[in-house]
Amino acid sequence: MATPAPAARLTGFFHQPGLNLFGYYFPKAPVQFGNFKLRQLHLGSPEEFASYEKGQRISPNYAPVMLEFDDVTSPQRENELGQPYHEVSRRVLPTAYRITSEQLSFHGRDDVLGEVSFDGRIDAKALERVQAGGAEETVLDGALAAMGQKLNRAFVWFGGD
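In this text the structure is predicted, and so the values were computed from the model without any measurement.

Peer 1: Would you mind showing me how to read the pairing of strand S4 (residues 36-43) here?
Peer 2: The side chains of a regular strand alternate, first on one face of the sheet and then on the other. Across the 8 residues that make up S4, a large majority, 6, are buried. Relative to S4, strand S2 (residues 23-27) is paired through 3 bridges, and the arrangement is antiparallel. Considered in S4, the bridge of Gly23 is made with Leu43. Pairing analysis gives 2 bridges linking strand S3 (residues 32-33) to S4, with the strands arranged antiparallel. Pairing of Phe33 across the sheet is with Phe36, part of S4.

Structure, rendered in structure tokens:
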């Protein structure tokens, strides 16, 4: 999958109507900027995108497309499932995004990570196979930038619990 050229300047919020890419996208290889390691890229439901694009926000800490980073130097705790997590994390919400069945472009800003962007290609056929219960495979491939660095990474999909 070839990574698309980044948009000149991404503006506004656009999600292809009816498109359901809901889930959690985990990098196949670590993605880290300074002390902050990407945990996941999250995409919400079509209804969440529609509401968000109309200005209806569920929470000031949630968007239907967002990136979550863990501060790997912060203390670790265990969640209710006994899985470790870092106490300090950062959630980057969008200042703009464009999502179609083939492309995901995101731009956000964070006080620590600075300008954060992602430009990637969605492999719709691979995503369909995985969502139908197929073996794990790359469904998203793209370039993530933060703290003045850019890393190309592949992502796998998880539908959640």
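Back to the text.
Peer 1: Is there a simple way to explain the environment of Lys125 in this structure?
Peer 2: Note on placement: Lys125 falls in helix H2 (residues 124-131). On a C-alpha basis, the gap between Lys125 and Val139 in space is 8.2 Å, while along the polypeptide they are 14 residues apart.

Peer 1: Which parts of the structure should I look at to understand H2?
Peer 2: An α-helix turns once every 3.6 residues. As a result, residues three or four positions apart point the same way. Those residues of H2 that fall on the buried side of the exposure criterion are Ala126, Leu127 and Val130. Looking straight down H2, one finds its buried side chains confined to an arc of 100°; they lie on one side. In this structure, H2 carries Lys125 and Glu128 as exposed residues pointing more than 90 degrees from its buried face. Buried residues belonging to H2 abut S2, strand S11 (114-122) and strand S13 (149-158).

Peer 1: Explain the confidence of the model for the protein chain to me, please; I cannot follow it from the model alone.
Peer 2: Do not read the predicted coordinates in detail wherever pLDDT is low. Residue-level pLDDT values for the protein chain average 93, and 94% of them are 70 or greater. Counted against residues more than four places away or in other chains, residues 2-7, with its pLDDT under 50, gives 13 contacts.

Peer 1: Whenever I open this one, the side chain of His86 confuses me. Can you help?
Peer 2: Counting through the fold element by element, His86 comes out in strand S7 (residues 84-86). Overall, His86 belongs to the buried group, its relative accessible area being 14%. Here the side chain of His86 touches Gln76 through a polar contact of 3.5 Å, side chain to side chain. Filtering out sequence-adjacent residues up to four positions away, His86 remains in contact with Asp70, Asp71, Val72, Ser74, Pro75 and Gln76.

Peer 1: Looking at this structure, I do not really get helix H1 (residues 46-53). What am I missing?
Peer 2: Within the span of H1, buried status applies to Pro46, Phe49 and Tyr52. Angularly, the buried residues of H1 cover 130° about the axis, an arc narrow enough to put them on a single face. In the core, the buried residues of H1 are packed alongside strand S1 (13-15), S4, strand S5 (65-71) and strand S9 (94-99). Positioned one or two residues after H1, Gly55 has a phi angle of 90°, which is positive.

Rules of the game
Residues numbered from 1 in each chain as written. Predicted model: local features only at pLDDT ≥ 70, side-chain atom pairs only at ≥ 80, totals over all residues. Heavy atoms only, no water. Buried < 20%, exposed > 50% of the residue type's maximum accessible area, 1.4 Å probe, protein only. Helix = DSSP H or I, 4+ residues; strand = E, 2+ residues; numbered from the N terminus. Pairing = 2+ DSSP bridges. Arc of directions from axis to C-beta. Contact = heavy atoms within 4.5 Å. pLDDT = per-residue confidence, 0-100. Polar contact = N/O pair within 3.5 Å; in protein donor to acceptor, adjacent residues only side chain to side chain.

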